[in-house]
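Breakdown of the fold
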Amino acid sequence: MNALVDNTAARGLGDVNSRHLDALESEAIHIMREVAAECANPALLFSGGKDSVVLLRLAEKAFRPGKFPFPLVHVDTGHNFPEVITFRDKRVAELGERLIVGSVEDSIKRGTVRLRNPATDSRNAAQAVTLLETIAEHKFDACIGGARRDEEKARAKERIFSFRDEFGAWDPKSQRPELWDLYNTRVHPGENMRVFPISNWTELDVWQYIAREKLELPPIYFAHERQVIPRNGLLVPLTDLTPPREGETVETQVVRFRTVGDISCTCPVSSDAATVEAIIAETAITQITERGATRMDDQTSEASMEKRKKAGYF
């Protein structure tokens, strides 16, 4: 009798969760179709990370069997994890869609990005310059991305349709109202929108959707052995870009990445979760946001992300 009750309760929770994901999916598809209907020249940002993988599935559900009404765009720092770039190119080829790559390296060569040491300095913040140059070159009036409000404080302030001025800047004190799922997409030449269809999703929602849709991901999202350097409460991956400092030790640990980005500022977490189901169980009880646990650039100050976004960062 107890087993029967437990099974019935489990089925009930499963039904509730399925309805929850259905509602999130429906909202995101509606937003994507609004972009396609209202914007003249949109693009979808695709890095190969888990959130952009979810966006691709949502785009498939919104527009297949036709082609996507926008190209895919990736701002490549040149310091990305190779497993992620390999996965990016494989997924784009499978979809048969167009990929535009904006290169931070090209921005450095043009002189629009200046670093003290281009070979080793973090290029994460420099992505804002390359993104703005890519938007200007292709005259995009909207860029769809996978940012979520639960990631970070500045993200939580942002609208789904986030207006950016002719300089690519975001003003958190002057945002457009979004009542009753009505979105103001009007922009003047040079202005653009950043659009976030999964704003209302959580990290747990993303992983549960990945499980439901059986989506493939880069292997570094799952537990694997890697050499790391314990530093300021983080596990810095040992690479040519992130060598140990004087007095630091290198350890081999079983880790996984909760988020992927520029090697110079993205850290894994200690974890033995080697399957999507294990990651869901782990995510359900974690008390630290993925960026708080893994991004060195967000730990410089509480306003780090907001400052970068005001300068044009996604």
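Below, the structure is looked at part by part. Since this is a predicted model, take the numbers as computed values, not measurements. (Residues numbered from 1 in each chain as written. Predicted model: local features only at pLDDT ≥ 70, side-chain atom pairs only at ≥ 80, totals over all residues. Heavy atoms only, no water.)

1. Some remarks on helix α7 (residues 203-213)
Here α7 lies mainly inside the structure; eight of its eleven residues are buried. Downstream of α7 by one or two residues, Lys214 has phi in the positive range, about 55 degrees. (Buried < 20%, exposed > 50% of the residue type's maximum accessible area, 1.4 Å probe, protein only. Helix = DSSP H or I, 4+ residues; strand = E, 2+ residues; numbered from the N terminus.)

2. Overview of the sheet that holds strand β1 (residues 42-45)
Pairing is mixed in the open sheet, where six strands are placed in the order β3-β2-β1-β4-β6-β5. Each having just a single partner strand, β3 (99-103) and β5 (161-164) make up the two edges of the open sheet. Pairwise comparison of adjacent strand axes, ignoring direction, gives a mean angle of 30 degrees for this sheet. Sheet topology note: the β1/strand β2 (residues 72-76) ladder contains two bridges and is parallel. Bridge pairing in β2 places Leu44 opposite Leu72. Across the face of the sheet, helix α2 (residues 50-63) comes into contact with β1, β2 and β4 (142-144) while running at roughly 135 degrees to β1. Running over the sheet, helix α5 (residues 127-138) touches β1, β2, β3, β4 and β6 (192-195) and is turned about 130 degrees from β3. (Pairing = 2+ DSSP bridges. Axes fitted to C-alpha atoms, helices over the stretch in contact; angles between N-to-C directions. Contact = heavy atoms within 4.5 Å.)

3. Topic: the sheet that holds strand β9 (residues 251-256)
What the four strands build is an open sheet, ordered β8-β7-β9-β10; its pairing is antiparallel. The open sheet has two free edges, formed respectively by β8 (234-237) and β10 (269-270), since each of these has just one partner strand. Note: β9 against β10, two bridges, orientation antiparallel. From the neighbouring strand, Arg256 faces β10, where its bridge partner is Val269.

4. Looking at the nonpolar core
Core analysis: the biggest nonpolar cluster contains 52 residues, and Leu44, Val54, Leu58 and Trp201 have the highest contact counts within it. Among the elements of the structure, α1 (2-38), α2, α3 (82-95), β4, β6, α7 and α8 (276-285) are those that each provide at least two residues to this core. Counting residues per element, this core draws most heavily on α2, which supplies eight residues. Both domain 1 (11-206 + 303-311) and domain 2 (219-299) contribute no fewer than three residues apiece to this core. Setting aside anything within four residues of it in sequence, one finds Val54 in contact with Ile198, Trp201, Val206, Tyr209, Ile210 and Leu215. In terms of nonpolar packing, the next biggest core, distinct from the first, is built from 13 residues, Ala43, Leu45, Val73 and Val113 among them. (Core = buried A, V, L, I, M, F, W, Y, C linked by side-chain atoms within 4.5 Å. Domains from an automatic or database assignment.)

5. Notes on the side chain of Ser264
Looking at the element boundaries, Ser264 is found in the loop between β9 and β10. Classification of Ser264 as buried rests on a relative accessible area of 13%.

6. Quick look at the layout of surface pockets
Empty space within the second largest pocket amounts to approximately 270 Å³. What lines the second largest pocket is a set of 18 residues, and nearest its centre among them are Ile135, Ala136, Phe140, Gly190 and Glu191. Counting residues per element, the lining of the second largest pocket draws most heavily on α5, which supplies three residues. A breakdown of the residues in the lining of the second largest pocket according to their chemical character gives eight nonpolar, five polar and five charged. (1 Å grid on protein atoms, 1.4 Å probe; cavity = no way out; pocket = protein on both sides within 12 Å on 5 of 7 lines; lining within 4 Å. Points joined across faces, edges and corners; volume = space filled by probe spheres on them. Nonpolar A, V, L, I, M, F, W, Y, C, P; charged D, E, K, R; others polar.)

7. Examining the pattern of salt bridges
Tallied over the full model, the rule gives 23 salt bridges. Measuring nitrogen to oxygen at the nearest pair gives 3.3 Å for the salt bridge that ties Arg91 to Glu60. Of this pair, Arg91 sits in helix α3 while Glu60 sits in helix α2, and the two are 31 residues apart along the sequence. For the pair shown, Arg91 and Glu60 are each scored as buried. Salt-bridge contacts for Arg164 lead to Glu158; the nearest nitrogen and oxygen are separated by 2.7 Å. Residue classification places Glu158 among the buried positions, given a relative accessible area of 3%. The structure contains a network of salt bridges with shared partners spanning Asp22, Glu25, Arg57, Glu60, Lys61, Lys90, Arg91, Glu94, Arg212, Glu213 and Glu216. (Salt bridge = Lys/Arg side-chain N within 4 Å of Asp/Glu carboxyl O.)

8. Some details on empty space enclosed by the protein
The final tally for this structure, using the stated rule, is two cavities of 30 Å³ or more. One number sums up the size of the second largest cavity: a volume of about 30 Å³. Lining the second largest cavity we find Ala147, Arg148, Arg149, Arg155, Glu158, Phe196 and Ser199. Residues that form the lining of the second largest cavity fall into these classes: two nonpolar, one polar and four charged.

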